[in-house]
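Here is what each chain is made of, one letter per residue.
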Amino acid sequence: MIRGYHTPVLVAEVTAALQPALAAASPDPANPALPVFVDATCGGAGHTLAVLEAARPGTVIALDRDKDAISWADQQLRLRAEARGVRLELVHTPFSQLAQVLGARGLTAVTAILADLGVSSHQLDTGARGFSFRADAPLDMRMDRSRGPSAAEVLASIDERELSRILRSYGEESDAPRIARAVVAARPTTTSALANVVSEAMSARQRRRLGARIHPATRTFQALRIHVNGELQELEQLLADAPALLAPGGRLAVISFHSLEDRVVKQRFAALSSPPALPRGLPIPESERVQAEFSVPLGRRGQTPGEAELAANPRSRSSRLRVLERRP
Ligand SMILES: C[S@@+](CC[C@H](N)C(=O)[O-])C[C@H]1O[C@@H](n2cnc3c(N)ncnc32)[C@H](O)[C@@H]1O
């Protein structure tokens, strides 16, 4: 496990879930580039490295929209991949571009795909990136600093109703209207200024409900980050494209960190793994019914961290792994 950049969650569970697909597609001497593993969110490369060690992919394609992650992952993975004869490619791009990335490499199907959603500890803990109220910095919050407006630029022109909608939808913030009013009046440009405006605007009732452990601005920061990075739109696009990019027997693993993301993954996997509906009362025996093209090998609830991981890494608390398999 790589410490320092990010402590990966559910590592044993991810490798156990992807290993059967990678083992079943064991290397083809005629095509040593197979099987192909895609890490759609390589971050600190902890999961990629664990998969490299547990399985024998012929090719690893690691994506991240953050250039810091791409440079770090390159340093961690390059020599290890070479030593194992694995082709390694790092691509600085959002995962909504996965189909285009694979298409440009002549790949129509891959063996395993992992998406470990959200932000890395490196992003959260690097004060200057502006993701956290724990350090004072310009309000940036972009995972990819080379494109798109920063959080401060969004707040400079957003109207109150739209901000209130974002806080309610992406932060489940029940004080959204009053917080939105105060933020639009102040249009803060730094993390501390935003945190102060939110703290002052929040009702005493909501503050009591959060208690001493949760900062009043936690939900506002989460909501703004999700909006600035188009996180749910990215996820929708990945879930629209990735299943069709799996080879038979291939698996897609997704780790989510909050209920908004998890709901989208759960619903998409449930729809893909449900057999086509038949008119009621049609006398077709169970054995002759058409199976769905996909299954959910970890079941419909997915997997969450065990006690030991929860104790060792509190950030794993809200994580849930779900896996989709294209039937062999
Ligand atoms: C939770 S971390 C991944 C950690 C990684 N699995 C590890 O073992 O270190 C999430 C990473 O995904 C990246 N990311 C988030 N959304 C993305 C997207 N839509 N496209 C590409 N990368 C994304 C972030 O920049 C961050 O580096």
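A quick note: this is a predicted structure, and the numbers were derived from the prediction, not measured. (Residues numbered from 1 in each chain as written. Predicted model: local features only at pLDDT ≥ 70, side-chain atom pairs only at ≥ 80, totals over all residues. Heavy atoms only, no water.)

Colleague: Help me understand the site of the ligand in this model?
Modeller: Around the ligand, 24 residues are found, and the nearest of them are His47, Asp64, Phe95, Asp116 and Glu234. Contacts to the ligand include Gly44, whose backbone N or O atom sits 2.9 Å from an oxygen atom. Classifying every residue of the shell around the ligand gives nine nonpolar, ten polar and five charged. (Near = heavy atom within 4 Å. Polar contact = N/O pair within 3.5 Å; in protein donor to acceptor, adjacent residues only side chain to side chain. Nonpolar A, V, L, I, M, F, W, Y, C, P; charged D, E, K, R; others polar.)

Colleague: Where do I start with the packing of helix α12 (residues 231–241) against helix α13 (residues 259–272) in this structure?
Modeller: For any two helices packed against each other, one specifies the crossing angle of their axes together with the interaxial distance. Where α12 contacts α13, the two axes come as close as 11 Å, and the packing angle between them is 15°. The orientation of α12 relative to α13 falls into the category roughly parallel. Seen from above, α12 lies across α13 with right-handed handedness. Between α12, through Glu231, Leu232, Leu235, Glu236, Leu239 and Ala240, and α13, the contact on the second element is made entirely by Leu260, Glu261, Val264, Val265, Arg268 and Phe269. (Axes fitted to C-alpha atoms, helices over the stretch in contact; angles between N-to-C directions. Helix = DSSP H or I, 4+ residues; strand = E, 2+ residues; numbered from the N terminus. Parallel < 35°, antiparallel > 145°, perpendicular 65-115°, else oblique. Left-handed = near helix turned anticlockwise from the far one by under 90°. Contact = heavy atoms within 4.5 Å.)

Colleague: Please explain the packing of aromatic side chains as it appears in this structure.
Modeller: Within a pair of aromatic rings, the relevant descriptors are the distance that separates the centres and the angle that separates the planes. Counted under the stated rule, the structure contains two aromatic pairs. For the ring pair Phe133 and Phe221, a centre distance of 5.2 Å and an interplane angle of 90° mean the geometry is edge-to-face. Residue Phe133 is found in the loop between α5 (121–125) and α6 (151–157), and its partner Phe221 is found in helix α11 (residues 218–228); the two are separated by 88 residues along the sequence. Classification of Phe221 as buried rests on a relative accessible area of 4%. (Phe/Tyr/Trp six-rings, centres within 6.5 Å; stacked < 30°, edge-to-face > 60°. Buried < 20%, exposed > 50% of the residue type's maximum accessible area, 1.4 Å probe, protein only.)

Colleague: Looking at this structure, I do not really get a positive patch on the surface. What am I missing?
Modeller: Side chains of Arg205, Arg208, Arg209 and Arg219 sit close together on the surface and give a patch of like positive charge. With three residues, helix α10 (residues 204–210) is the single largest residue contributor to the positive patch. Position of Arg205 among the secondary structure elements: in helix α10. Classification of Arg205 by relative accessible area gives exposed; the value is 57%. (Patch = residues over 30% accessible without salt bridge, like charges linked within 9 Å, V, L, I, M, F, W, Y side chains within 5 Å. Areas by Shrake-Rupley, 256 points an atom, 1.4 Å probe, with all protein chains shown as cover. Salt bridge = Lys/Arg side-chain N within 4 Å of Asp/Glu carboxyl O. Lys, Arg positive; Asp, Glu negative; His and termini not counted. Charge placed at Lys NZ, Arg CZ, Asp CG, Glu CD.)

Colleague: What is the right way to look at the pattern of salt bridges in this model?
Modeller: Side-chain pairs of opposite charge can arise where the charged atoms are in close proximity. Taken as a whole and judged by the stated rule, the model has 15 salt bridges. Where Arg142 meets Asp140, a salt bridge forms, and the shortest distance between an N and an O atom there is 2.8 Å. With a relative accessible area of 15%, Arg142 lands in the buried category. Here Arg322 ties to Asp262 by a salt bridge, and the two come within 2.7 Å at their closest N and O atoms.

Colleague: Would you explain the domain arrangement of the protein in this entry?
Modeller: By a frequent convention, interface size equals the accessible area lost on bringing the separate parts together. Split into domains, the protein comes out as domain 1 (11–122 + 232–326) and domain 2 (146–228). Relative to domain 2, the C-alpha centre of domain 1 lies at a distance of 32 Å. Its largest share of buried area at the contact with domain 2, domain 1 owes to Leu232, His258 and Leu260, together 48% of the area lost on that side. The interface formed by domain 1 and domain 2 contains zero salt bridges. At the level of elements, α12 and α13 are the ones that each hand at least two residues to the side of domain 1 that touches domain 2. Per-element tally for the side of domain 1 that touches domain 2: the top contributor is α13, with three residues. (Domains from an automatic or database assignment. Buried area = accessible area lost by both parts, 1.4 Å probe.)

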